[in-house]
Amino acid sequence: MRLILLISFVFTSLLLSAQTEHLWTKSYGGSDWDYGTGVALDLEGNIYTVGRFASTVDFDPGSGVSNLMANGATDIYVQKLDVQGDFLWAKAIGGPGEDVAFALGVDINGNVYLTGNFLATVDVDPGTGVANLMANGGRDMLLVKYTPELQLIWGLNAGGSGNDYGRSLGVEKATGTAYVAASQYSSDVANWGTEECFNEVPGLPGTNEVLVLASYDKNGNPLCVIDLQTQQQGYYSAGYQSQMHIRNGALYYLANYSSNSTDFDPGVTAVTPTFNGGAWDVALTKYELSPFSVNLGGDFGFCNNTVVELDATSENATYFWQDGSSESTFTVDAAGTYSVLVNSSGCVAKDEVIGTEDQINANVSLAGNVLTAELANAEYQWINCPDFTPIPGANNQIFEATEDGDYAVMISSNGCIETSACLSVMVSNLEDISWKAFSIFPNPIGVAQLLHLEFQQVHQDIHLQIFSIDGRLLESHTETHTNRLVLPFNLPSGAYLIKLRVDGYTGQRRIVCSS
């Protein structure tokens, strides 16, 4: 939030045109002290008023009766009138102590916000429910958001061990961001944030005031908390009876001050308007609303066996990642959701991203001596197994083997690389083996039966492999100096390809297993 201008003056005046026409006046009150402290209109022209009351008050300014009774010394009231000023409803908010509202605002959806302070405990739900807030010390600042009919959405309080007050309120209508000007009299450190991301403001000794400007998003999460060291004594100070207005990305803040030490610029340069003497002077300050943000770059994908570094680095910042770590960067090595809260000079921003591990389809089909990678539109390098040496010029989706061997393919896609399983290919003449001198039975074979292979003569070297129809090697067996192989067949039902290499000659035969 950047300071744009500051105007200080000794007095203000309001000029009314001679043509001003009185339309109506509405009044209400009881036998005790009752105050109206704020008014706001929604887009339909309905009127909301806020203030404090004691004892019992009839809030219907017409002929009806709508009594509210304070729970403690004083309670907060919110009243709603229509465009003509006719009464719609009034509701009370309070606890057993003294509860005060100083300002309220309405967003573009008609939601109602109010700020003030309370003592000890306050129930911020005006309905039948109970939503108690407990003060950190004496009095705490109060900020509450309601629906247009004053149903509770959320409420929060902030402060230290002393007395701290919410003085004025501005609501950015489109976003629902609430800006609160508060007076901190707690001489210790007061927290204006949340448990997971503290926004701490150090206090001043004695009864000196720190003016706190705090902003919260539409869900009540803290955005920025800055402090203006005012060095002013007593209850009536810079924050008292202050006013805020937000328009076109700027915040206008009207406040009283009574010393030359009031600094209205939260930046490095001090802006301390001259105090002209007397009791009070008035300062009007304009701030540019430039929300602090953090960007982790959006959702992302990453390759298997690689890592991604998320960077939330900001100037003069502290960090709170989803796992509690506090570094400016976070290393991702697994799929998941990652988030960070960044606190930079009292301004808080959050970002969340989803990381997914990119999976490359590295399946390869085999038909005779032709291997085909299933994934299209990628980069390919076919390789020999098991040493994974590249085959020169073999860079297409389809590879035709010209000699017996085991082959695989390295596939590159979107910066990721995956290697397929090795497949065995026989390209020798399938008629090399004299099938009349060889028999295989039973075929079909049953599950868990014995598979018999018999030759008419003894062979020195018999190598047998069983493949699935899609080319995956399932079993491998080798025998020497024999004319017979008997093997347990433990594969499930289906069709299989048996490939043989016998004394340097090769051949293959299809076999079916049935349950």
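Note: the structure precedes this text.
Residues numbered from 1 in each chain as written. Predicted model: local features only at pLDDT ≥ 70, side-chain atom pairs only at ≥ 80, totals over all residues. Heavy atoms only, no water.

## What to know about the sheet that holds strand β4 (residues 47-53)
Each strand in a sheet pairs with another by means of backbone hydrogen bonds, the pair being arranged parallel or else antiparallel.
Item 1. In spatial order, the strands read β3-β4-β7-β8; together these four strands make up an open sheet with antiparallel pairing. Because the sheet does not close on itself, it has two edges, and the strands there are β3 (35-41) and β8 (87-93). For this sheet the average axis-to-axis angle between neighbouring strands, irrespective of direction, equals 20°.
Item 2. Bridge analysis of β4 against strand β7 (residues 75-81) gives seven bridges, and the strand direction is antiparallel. Bridging from a neighbouring strand, Phe53 pairs with Asp75 of β7. (Pairing = 2+ DSSP bridges. Helix = DSSP H or I, 4+ residues; strand = E, 2+ residues; numbered from the N terminus. Axes fitted to C-alpha atoms, helices over the stretch in contact; angles between N-to-C directions.)

## A word on the pattern of salt bridges
Item 1. Per the stated rule, a full pass over the model turns up five salt bridges.
Item 2. A salt bridge links Lys80 to Glu149; the shortest N-O distance between them is 3.0 Å. Here Lys80, found in strand β7, pairs with Glu149, found in the loop between β11 (132-146) and β12 (152-158); they are 69 residues apart in sequence, far enough to count as distant.
Item 3. Lys80 gets classed as buried once you look at its relative accessible area, which sits at 6%.
Item 4. Of the residues examined, Glu149 reaches a relative accessible area of 37% and is grouped as partly exposed.
Item 5. Close ionic contact of Glu454 with Arg484 constitutes a salt bridge, the shortest N to O distance being 3.3 Å. Taken as a pair, Glu454 in strand β37 (residues 450-468) and Arg484 in strand β38 (residues 473-488) lie far apart in primary sequence, 30 residues in all. (Salt bridge = Lys/Arg side-chain N within 4 Å of Asp/Glu carboxyl O. Buried < 20%, exposed > 50% of the residue type's maximum accessible area, 1.4 Å probe, protein only.)

## Re the packing of aromatic side chains
Item 1. Under the defined criterion, the tally for this structure stands at 14 aromatic pairs.
Item 2. Aromatic side chains Tyr28 and Tyr77 sit 5.9 Å apart centroid to centroid with 85° between the ring planes, which places their arrangement in the edge-to-face category. Of this pair, Tyr28 sits in the loop between β1 (2-9) and β2 (29-30) while Tyr77 sits in strand β7, placing them 49 residues apart in sequence.
Item 3. Residues Phe59 and Tyr77 carry aromatic rings whose centres are separated by 4.6 Å and whose planes lie at 40° to one another, so their mutual orientation is tilted. Residue Phe59 is found in the loop between β5 (56-58) and β6 (67-69), and its partner Tyr77 is found in strand β7; the two are separated by 18 residues along the sequence. Pair check on accessibility: Phe59 and Tyr77 agree, each one buried.
Item 4. What links up through ring pairs into an aromatic cluster is the set Tyr28, Phe53, Phe59 and Tyr77. (Phe/Tyr/Trp six-rings, centres within 6.5 Å; stacked < 30°, edge-to-face > 60°.)

## Section: the environment of Thr74
Item 1. The residue Thr74 is located in the loop between β6 and β7 in this model.
Item 2. Residue classification places Thr74 among the buried residues on the basis of a relative accessible area of 8%.
Item 3. C-alpha of Thr74 to C-alpha of Gly51: the two residues are 23 residues apart in sequence and 9.9 Å apart in space.
Item 4. Setting aside its immediate chain neighbours within four residues, Thr74 contacts Arg52, Phe53, Ala54, Gly97, Glu98, Asp99 and Val100. (Contact = heavy atoms within 4.5 Å.)

## Focus on the pairing of β7
Item 1. Counting buried positions over the seven residues of β7 gives seven, a clear majority of the element.
Item 2. Covered by surrounding structure in β7 are Asp75, Tyr77, Gln79 and Leu81 together with Ile76, Val78 and Lys80, the residues of both alternating faces.
Item 3. Across six bridges, the pairing between β7 and β8 is antiparallel. Within the sheet, the bridge partner assigned to Lys80 lies in β8 and is Trp89.

## Digging into the nonpolar core
Item 1. Val78, Ile93, Leu114, Val124, Leu142 and Tyr146 are the most contacted members of the largest nonpolar core, which has 22 residues in total.
Item 2. Of all the secondary structure elements, the ones that give two or more residues to this core are β4, β7, β8, β9 (99-106), β10 (112-123) and β11.
Item 3. Sequence-distant contacts of Ile93, defined by excluding residues within four places in its chain, comprise Asp75, Ile76, Val78, Leu114, Val122, Asp123, Val124, Pro126, Tyr146 and Leu150. (Core = buried A, V, L, I, M, F, W, Y, C linked by side-chain atoms within 4.5 Å.)

## A word on unusual backbone geometry
Most of the time, phi is negative for any residue but glycine, and the peptide bond is trans.
Item 1. Cis geometry marks the peptide bond from Cys385 to Pro386, where omega comes out at 5°.
Item 2. With respect to the secondary-structure elements, Pro386 resides in the loop between β30 (379-384) and β31 (398-400).
Item 3. Following Phe441, the chain continues into Pro442 via a peptide bond in cis, with omega recorded as -5°.
Item 4. Among the secondary structure elements, Pro442 is positioned in the loop between β35 (438-441) and β36 (445-446).
Item 5. At Ser55, a residue that is not glycine, the phi angle is positive and equals roughly 60°.
Item 6. Looking at where Ser55 falls in the secondary structure, it is placed in the loop between β4 and β5.
Item 7. At Asn377, a position not held by glycine, the phi torsion is positive, near 55°.
Item 8. For Asn377, the location among the structural elements is in the loop between β29 (370-373) and β30.

## Remarks on the side chain of Asp217
Item 1. Checked against the element boundaries, Asp217 lands in the loop between β17 (208-216) and β18 (222-233).
Item 2. The buried charged residue Asp217 lacks any salt bridge, with Lys145 as its nearest oppositely charged partner at 7.8 Å.
Item 3. In this structure, Asp217 is in contact with Trp154, Gly176, Thr177 and Leu223, ignoring residues within four places of it in sequence. (Lys, Arg positive; Asp, Glu negative; His and termini not counted.)

## What about the sheet that holds β12?
Item 1. The sheet built from four strands is open, its strands ordered β9-β10-β11-β12 with antiparallel pairing. Pairing within the sheet leaves two strands with one partner each, and these edge strands are β9 and β12. The sheet shows a mean angle of 25° between the axes of neighbouring strands, direction not considered.
Item 2. As judged from the eleven bridges shared by β10 and β11, these two strands associate in the antiparallel manner. Note that in β11 the partner of Val122 across the bridge is Leu133.

## Observations concerning the pairing of β3
Item 1. The pairing of β3 with β4 spans six bridges and is antiparallel. Looking at the pairing, Gly38 lines up with Val50 of β4.
Item 2. Where β3 folds back on β4, the antiparallel hairpin that results is connected by five residues, among which Gly45 adopts a positive phi of roughly 90°.

## Overview of the state of the cysteines
Item 1. Taken as a whole and judged by the stated rule, the model has two disulfides.
Item 2. One disulfide bridge connects Cys303 with Cys416, the sulfur atoms lying 1.8 Å from each other. Negative torsions about the S-S bond denote left-handed disulfides, and the value of about -85° found for Cys303 with Cys416 makes this one left-handed. Of this pair, Cys303 sits in the loop between β22 (300-302) and β23 (308-311) while Cys416 sits in strand β33 (residues 416-419), placing them 113 residues apart in sequence. An identical accessibility class is assigned to Cys303 and Cys416; each is buried.
Item 3. Residue Cys385 pairs covalently with Cys422 via a disulfide, S to S 2.0 Å. (Disulfide = S-S within 2.5 Å.)

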